[in-house]
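Chain residues, written in single-letter form:
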Amino acid sequence: MQEIDFSQAKKDGKGFQFPGEFEITAMGNAGADLPAHVPRLLEGQGLHVLHETVRYKQSASGNYVSVTVSFRAQTREEYDAAHTVLRADPDIRYTL
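Residues numbered from 1 in each chain as written. Predicted model: local features only at pLDDT ≥ 70, side-chain atom pairs only at ≥ 80, totals over all residues. Heavy atoms only, no water.

A.B. asks: How should I be thinking about the overall build of the protein in this particular structure?
C.D. replies: Within the protein, the secondary structure is distributed over three helices and four strands. Secondary structure elements of the protein, listed N to C terminal, follow the sequence α-β-α-β-β-α-β. Relative to its 96 residues, the protein shows a buried fraction of 32%. Sequence separation of 24 or more characterises 67% of the internal contacts of the protein that already satisfy a separation of 6 or more. As displayed, the protein offers around 6200 Å² of accessible surface, 49% of which is attributable to carbon and sulfur atoms. (Helix = DSSP H or I, 4+ residues; strand = E, 2+ residues; numbered from the N terminus. Buried < 20%, exposed > 50% of the residue type's maximum accessible area, 1.4 Å probe, protein only. Contact = heavy atoms within 4.5 Å. Areas by Shrake-Rupley, 256 points an atom, 1.4 Å probe, with all protein chains shown as cover.)

A.B. asks: Help me understand the side chain of aspartate 89, please; the structure alone is not making it clear to me.
C.D. replies: Residue placement: aspartate 89 occurs in the loop between helix H3 (76–88) and strand S4 (92–95). Among buried Asp, Glu, Lys and Arg side chains, aspartate 89 stands out as unpaired, with arginine 40 the closest opposite charge at 8.5 Å. For aspartate 89, the side chain forms a polar contact with the side chain of histidine 37, separated by 2.7 Å. Other than its neighbours up to four places away in sequence, aspartate 89 contacts His37 and Leu41. (Lys, Arg positive; Asp, Glu negative; His and termini not counted. Salt bridge = Lys/Arg side-chain N within 4 Å of Asp/Glu carboxyl O. Polar contact = N/O pair within 3.5 Å; in protein donor to acceptor, adjacent residues only side chain to side chain.)

A.B. asks: Help me understand the pairing of strand S2 (residues 48–58) in this model?
C.D. replies: When a strand is regular, its side chains alternate between the sheet's two faces. Here seven bridges tie S2 to strand S3 (residues 64–73), and the two strands are oriented antiparallel to one another. Bridge pairing in S3 links glutamine 58 to valine 65. Connecting S2 to the next strand, S3, in antiparallel fashion are five residues, including glycine 62 with a positive phi near 85 degrees. (Pairing = 2+ DSSP bridges.)

A.B. asks: Would you explain the nonpolar core in this entry?
C.D. replies: A general trend in soluble globular proteins is that nonpolar side chains are found buried together. Counting 20 residues, the largest nonpolar core has Ile24, Leu34, Val38, Leu42, Phe71, Leu86 and Ile92 as the members making the most contacts within it. Sorting the residues of this core by element identifies strand S1 (20–29), helix H2 (34–44), S3 and H3 as the ones contributing at least two each. Sequence-distant contacts of leucine 86, that is, excluding residues within four places in its chain, are made with Ile24, Ala26, Val38, Leu41, Leu42, Ile92 and Thr95. (Core = buried A, V, L, I, M, F, W, Y, C linked by side-chain atoms within 4.5 Å.)

A.B. asks: Is there a simple way to explain H2 in this structure?
C.D. replies: Every α-helix carries 3.6 residues per turn, so stepping three or four residues along brings you back to the same face. Within H2, the full set of buried residues consists of Leu34, His37, Val38, Pro39, Leu41 and Leu42. Structurally, H2 contributes buried residues whose contacts are with S1, S2, S3, H3 and S4. Just downstream of H2 lies glycine 46, where phi reads positive at about 85 degrees.

A.B. asks: Would you take a moment to explain the packing of aromatic side chains for this structure?
C.D. replies: For any pair of aromatic rings, the description rests on two quantities: the centre-to-centre distance and the angle between the ring planes. Tallied over the full model, the rule gives seven aromatic pairs. Each ring, one from phenylalanine 18 and one from phenylalanine 22, has its centre 5.0 Å from the other, and the planes form 35 degrees; the classification is tilted. With relative accessibility at 27%, the residue phenylalanine 18 sits in the partly exposed group. When its relative accessible area of 9% is taken as the criterion, phenylalanine 22 is described as buried. Ring centres 5.3 Å apart and planes at 65 degrees place the aromatic pair phenylalanine 22 and tyrosine 79 in the edge-to-face group. Here phenylalanine 22, found in strand S1, pairs with tyrosine 79, found in helix H3; they are 57 residues apart in sequence, far enough to count as distant. (Phe/Tyr/Trp six-rings, centres within 6.5 Å; stacked < 30°, edge-to-face > 60°.)

Take a look at the structure:
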C-alpha cells in the first residue's frame, strides 16, 4: 500500500487535526457481535471510545454487519493504530 503524503494538506490547514474525535467503520461477520467487539478492540489500544456513538447495520442477507463508532486520538499514530487493530481481527473484513 502506498503512503499518502499529508504535508501539503497540513500547510493548507486541511486534513486531520490532532488531538481530535474521529469516526471509524468496520465491516465483518454478523455472528461475531461486532457492535460490542469493535469498541473493546479500540479500548484495548488505549483509545477513548465514545460508546454513545456506536451504531450498526446488517447487510440485506444478514451475513455481514457494519459498525461505526467515534473515538478520540491524540496523535496520527493512535488513529492509525485503530485501523491496524481492527484489520488484524479475523472477523473484520475491512475498515473505513
